[in-house]
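Observations on the model geometry
Residue strings, one per chain:
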Amino acid sequence: MDHSNARRLNSALPQTARVIDVGGGGSVFPRADYVIDLCPYVGRNALGELNDIPARYSSETWIQQDLCARTPWPYPDKFFDFATCSHVFEDVRDPIWLCSEISRIAKAGYVETPSRVLEQCRGVENPSYAGYYHHRWLIEREGETLKFRQKAHNLHTLNDAIVADLGPNQRVAPKHAIFVYEWKDELRAEEVTEFSQEEVEKEMTAFAARARSIPDLTESMGLSGLPLLKRWLFWRRLQRGAR
């Protein structure tokens, strides 16, 4: 979760609010009283920890479960005042089920994912493909509904669908790199299904054309000297298909 947003939520949530972090085991929102994740408690925070917020969850309030198993989670309806779900939807096989269960157990919540802009940029991880290699979905909000589109494999080589080709010392500006949605009462979601390759490519290309006009879309990573040289050499290896 974006740290500034985590601190903002921590300050805004009443001390009496019952909070769950859904799927955040790799980097738990410390204010959460409960956590449900495929990751075990002993493996928590492998991706980093926000140390300036005291942790309220414990091994007793941690449930290890496959979030997409189509088994209702072990909480009553609207048991939680607030649910966070950060950098999870893009990874899972069934985000629609995930949304339905979050909506069932919580009264309100916070969603954070990589932005679609970032997922359609080459060079986020590797100059040969767009976004993150393991992400399954392109996610947007239309009105009060989250829309999930399959991240089609042809995106990576379709130049017109690429928002930007990032260089070795370049990144998507942080303000454009994440998508945030705060919801209340119901978390609505639907999958956008399209079986025509032509239509899929047309939609991705249209999105990229719009996104390229975003001001200050990218920024320098600030590398110089030896770190920049090492980064450039690494980039060249990736471009040749090496590791």
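Treat the numbers as computed from the prediction; the structure is a model and nothing was measured.

How each quantity is defined
- Residues numbered from 1 in each chain as written.
- Predicted model: local features only at pLDDT ≥ 70, side-chain atom pairs only at ≥ 80, totals over all residues.
- Heavy atoms only, no water.
- Pairing = 2+ DSSP bridges.
- Helix = DSSP H or I, 4+ residues; strand = E, 2+ residues; numbered from the N terminus.
- Axes fitted to C-alpha atoms, helices over the stretch in contact; angles between N-to-C directions.
- Buried < 20%, exposed > 50% of the residue type's maximum accessible area, 1.4 Å probe, protein only.
- Arc of directions from axis to C-beta.
- Contact = heavy atoms within 4.5 Å.
- Phe/Tyr/Trp six-rings, centres within 6.5 Å; stacked < 30°, edge-to-face > 60°.
- Lys NZ or Arg CZ within 6 Å of the ring centre and 35° of its normal.
- 1 Å grid on protein atoms, 1.4 Å probe; cavity = no way out; pocket = protein on both sides within 12 Å on 5 of 7 lines; lining within 4 Å.
- Points joined across faces, edges and corners; volume = space filled by probe spheres on them.
- Disulfide = S-S within 2.5 Å.
- Core = buried A, V, L, I, M, F, W, Y, C linked by side-chain atoms within 4.5 Å.

**Notes on the sheet that holds strand 12 (residues 188-192)**
The sheet built from three strands is open, its strands ordered 7-8-12 with mixed pairing. The open sheet is flanked by strand 7 (137-142) and strand 12, the only strands paired with a single partner. Strand after strand, the sheet turns through a mean of 25° between neighbouring axes, direction not considered. Summarising the sheet, strand 7 and strand 8 (residues 145-150) pair through six bridges and their orientation is antiparallel.

**Concerning helix 1 (residues 3-12)**
Taken residue by residue, helix 1 has Asn5, Ala6 and Leu9 as its buried positions. Looking straight down helix 1, one finds that the buried residues subtend no more than 105° of arc, so they occupy a single side. Those residues of helix 1 that are buried are in contact with strand 4 (82-86), strand 5 (108-114) and strand 11 (178-184).

**Considerations on the packing of aromatic side chains**
If you walk through the whole model with that rule in mind, you get ten aromatic pairs. Their ring planes at 85° and their centres at 6.1 Å tell us that Tyr34 and Tyr75 sit as a pair that is edge-to-face. Of the two residues, Tyr34 is situated in strand 2 (residues 34-37) and Tyr75 in the loop between strand 3 (62-64) and strand 4; the sequence distance between them amounts to 41 residues. When the ring of Phe89 is compared with that of Phe148, the centres are 5.7 Å apart and the planes differ by 65°; the resulting orientation is edge-to-face. Highlighted residues: Phe89 in the loop between strand 4 and helix 2 (95-105) and Phe148 in strand 8, separated in sequence by 59 residues. Take Phe148: its relative accessible area is 0%, and that puts it in the buried class. Grouping aromatic residues by their ring pairs yields a cluster made of Tyr34, Tyr75, Phe79 and Phe80. Just above the ring of Phe79 sits the side chain of Arg18; from NZ or CZ to the centre is 4.0 Å. One Lys or Arg, Arg44, reaches over the ring of Tyr41 and ends 3.9 Å from the middle of that ring.

**Describing the sheet that holds strand 5**
Strand order in the open sheet formed by six strands is 3-2-1-4-5-11, and the pairing between neighbours is mixed. The open sheet is flanked by strand 3 and strand 11, the only strands paired with a single partner. Averaged over all adjacent pairs, the angle separating strand axes in this sheet is 15°, with direction ignored.

**Observations concerning empty space enclosed by the protein**
On inspection of all chains with the given rule, the structure shows one cavity of 30 Å³ or more. Approximately 70 Å³ is the volume attributed to the largest cavity. The wall of the largest cavity is formed by Met1, His3, Ala6, Ser27, Val28, Phe29, Pro30 and Leu50.

**Here we look at the state of the cysteines**
One pass over the structure, following the stated rule, counts zero disulfides. Cys39 carries a free sulfur, and the closest cysteine sulfur to it, the one in Cys85, is 14 Å from it.

**Focus: the nonpolar core**
Residues Val22, Trp73, Phe89, Leu98, Ile102, Leu146 and Leu187 are the most contacted members of the largest nonpolar core, which totals 28 residues. Elements with a contribution of two residues or more to this core: strand 1 (19-22), strand 4, helix 2, strand 7, strand 8 and strand 11. Counting residues per element, this core draws most heavily on helix 2, which supplies five residues. Aside from chain neighbours lying at most four places away, what touches Ile102 is Val22, Trp73, Ala83, Cys85, Phe89, Trp183 and Leu187.

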